[in-house]
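Structural overview
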Amino acid sequence: MRIDVITIFPGYLDPLREALLGKAVDRGLIEIGVHDLRDWTHDVHRAVDDSPYGGGPGMVMKPQVWGAALDAVCGTDPDRRPRLVVPTPSGRPFTQAVAREYAAEPWLVFACGRYEGIDQRVLDHYAERMPVDEVSIGDYVLVGGEVAVLVIVEAVARLLPGVLGNPASAAEDSFSDGLLEGPCYTRPEVWRGREVPDVLRSGNHAAIARWRRDRALERTFHRRPDLLAALPPEALDRHDRKL
Ligand code: ADE
């Protein structure tokens, strides 16, 4: 997969070269390009923003600069178009399902907005040439899209074949079956007087699977009842319903 990021703070994206992501880059599973938006400015101040039409606080990112940057990064080949992702608090929610969609794409380009956002005409223009997604990572406001890109890229990269050491980890995640994952334990058997639940040491795989499922259901019920309510009826088995 190829990932390009356009930002006025390229250094913010340095973590893309660390840890799991860094290894995936070194192994050629992901190719990453980080581009400084100011490289496409032509004035002495290298301005990327201007005051909003209609008044109001804050600044809006200039369409000319974004147009030049996106033309250069996305190229002009109509047979090779990326999916353009624009992180913004006013976007549709980024979820595990969206992460799975992105993991199936060969090429993602991220446009990091700052200030009040990017002139809407930029997004409308590119939407005629490629899929454009405005996505939010949560109901809070960050100062720019860079941290959201780190979140999205990490969620997507770990779904790519070969990135995780054990592919079952991704398959058994929170959200993969619509439920939150339950608690997990490792050695020692007793720590500060607290014991690992007996069933996990029983060797009875069916009982362990049932116990894990019950804890996942309980946790989801208490912390995210919205997820439980959204499950299709066939996602719950006979034992689940008794809980
Ligand atoms: N930029 C600022 N806030 C954001 C959010 N919550 N999600 C994605 N991008 C953002």
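Predicted model, so just to flag it, every value in this text is computed and none were measured.

1. Describing the nonpolar core
- Grouped together as the largest cluster of nonpolar side chains are 28 residues, with contacts concentrated most on Phe94, Tyr102 and Phe110.
- Looking at this core, the elements with two or more residues in it are β1 (2–7), α1 (19–26), α3 (96–103), β6 (107–111) and α5 (146–157).
- The element best represented in this core is α5, accounting for 7 residues.
- Non-local contacts of phenylalanine 110, meaning those with residues more than four positions away in its chain, are made with Ile3, Asp4, Val5, Ile6, Val85, Val149, Ile152 and Val153.
- Grouped together as the second largest cluster of nonpolar side chains are 22 residues, Val48, Leu70, Val86 and Val122 included.

2. Quick look at the environment of valine 149
- By the element assignment, valine 149 lies in helix α5.
- With relative accessibility at 0%, the residue valine 149 sits in the buried group.
- Between the C-alpha atom of valine 149 and that of glycine 138, which follows or precedes it by 11 residues, the distance is 13 Å.
- Valine 149 has contacts with Val5, Leu13, Pro87, Phe110 and Cys112, leaving out every residue within four places of it along the chain.

3. Notes on the packing of aromatic side chains
- Tallying each qualifying case throughout the model produces 2 aromatic pairs.
- When the centroid spacing of 6.2 Å and the interplanar angle of 55 degrees are considered together, the rings of phenylalanine 9 and tyrosine 12 count as tilted.
- Exposure remark for phenylalanine 9: the relative accessible area of 37% places this residue in the partly exposed category.
- Each ring, one from phenylalanine 94 and one from tyrosine 102, has its centre 6.1 Å from the other, and the planes form 35 degrees; the classification is tilted. With respect to class, phenylalanine 94 is no different from tyrosine 102; both count as buried.
- Its guanidinium or amino end placed over the ring of tryptophan 107, arginine 80 lies 4.4 Å from that ring's centre, counting from NZ or CZ.

4. Observations regarding the pattern of salt bridges
- Across all of its chains, the model carries 21 salt bridges by this definition.
- Note that glutamate 31 and arginine 2 form a salt bridge whose closest N and O atoms lie 2.9 Å from each other. Taken together, the positions of glutamate 31 in strand β2 (residues 31–36) and arginine 2 in strand β1 put the pair 29 residues apart, joining distant regions of the chain.
- Residue glutamate 31 is classed as partly exposed on the basis of its relative accessible area, which comes to 48%.
- The shortest N-O distance in the salt bridge between arginine 83 and glutamate 101 comes to 2.7 Å. Linking arginine 83 in strand β5 (residues 83–93) with glutamate 101 in helix α3, this pair joins segments that are 18 residues apart in sequence.
- Linked by salt bridges that have partners in common, Asp177, Arg210, Arg213, Asp214, Asp237 and Asp240 make up one network.

5. Considerations on the sheet that holds β2
- Spatially, β2-β1-β6-β5-β7 is the arrangement adopted by the 5 strands of the open sheet, whose pairing is parallel. Looking along the sheet, the strands with just one partner apiece sit at the ends: β2 and β7 (132–136). Shown here is a sheet whose adjacent strand axes are inclined to one another by a mean of 30 degrees, direction ignored.
- Taken together, the 6 bridges between β1 and β2 define a ladder with parallel strand orientation. Pairing of isoleucine 6 across the sheet is with histidine 35, part of β2.

6. A closer look at unusual backbone geometry
- In this model, arginine 187 is joined to proline 188 through a cis peptide bond whose omega is 5 degrees.
- Within the element layout of this structure, proline 188 appears in the loop between α6 (167–171) and β8 (190–191).
- Non-glycine residue alanine 19 carries a positive phi angle of around 50 degrees.
- One can find alanine 19 in helix α1.

7. Quick notes on the domain arrangement of the protein chain
- One can read the domain layout of the protein chain as domain 1 (2–157) and domain 2 (174–242).
- Each of domain 1 and domain 2 has a C-alpha centre, and these two points are 37 Å apart.

8. Some thoughts on the environment of methionine 130
- Residue position: methionine 130 is located in the loop between α4 (120–127) and β7.
- With 52 residues separating them along the chain, methionine 130 and proline 78 place their C-alpha atoms 9.0 Å apart.
- Other than its neighbours up to four places away in sequence, methionine 130 contacts Cys74, Arg81, Pro82 and Leu84.

Cut-offs used in this document
Residues numbered from 1 in each chain as written. Predicted model: local features only at pLDDT ≥ 70, side-chain atom pairs only at ≥ 80, totals over all residues. Heavy atoms only, no water. Core = buried A, V, L, I, M, F, W, Y, C linked by side-chain atoms within 4.5 Å. Buried < 20%, exposed > 50% of the residue type's maximum accessible area, 1.4 Å probe, protein only. Helix = DSSP H or I, 4+ residues; strand = E, 2+ residues; numbered from the N terminus. Contact = heavy atoms within 4.5 Å. Phe/Tyr/Trp six-rings, centres within 6.5 Å; stacked < 30°, edge-to-face > 60°. Lys NZ or Arg CZ within 6 Å of the ring centre and 35° of its normal. Salt bridge = Lys/Arg side-chain N within 4 Å of Asp/Glu carboxyl O. Pairing = 2+ DSSP bridges. Axes fitted to C-alpha atoms, helices over the stretch in contact; angles between N-to-C directions. Domains from an automatic or database assignment.

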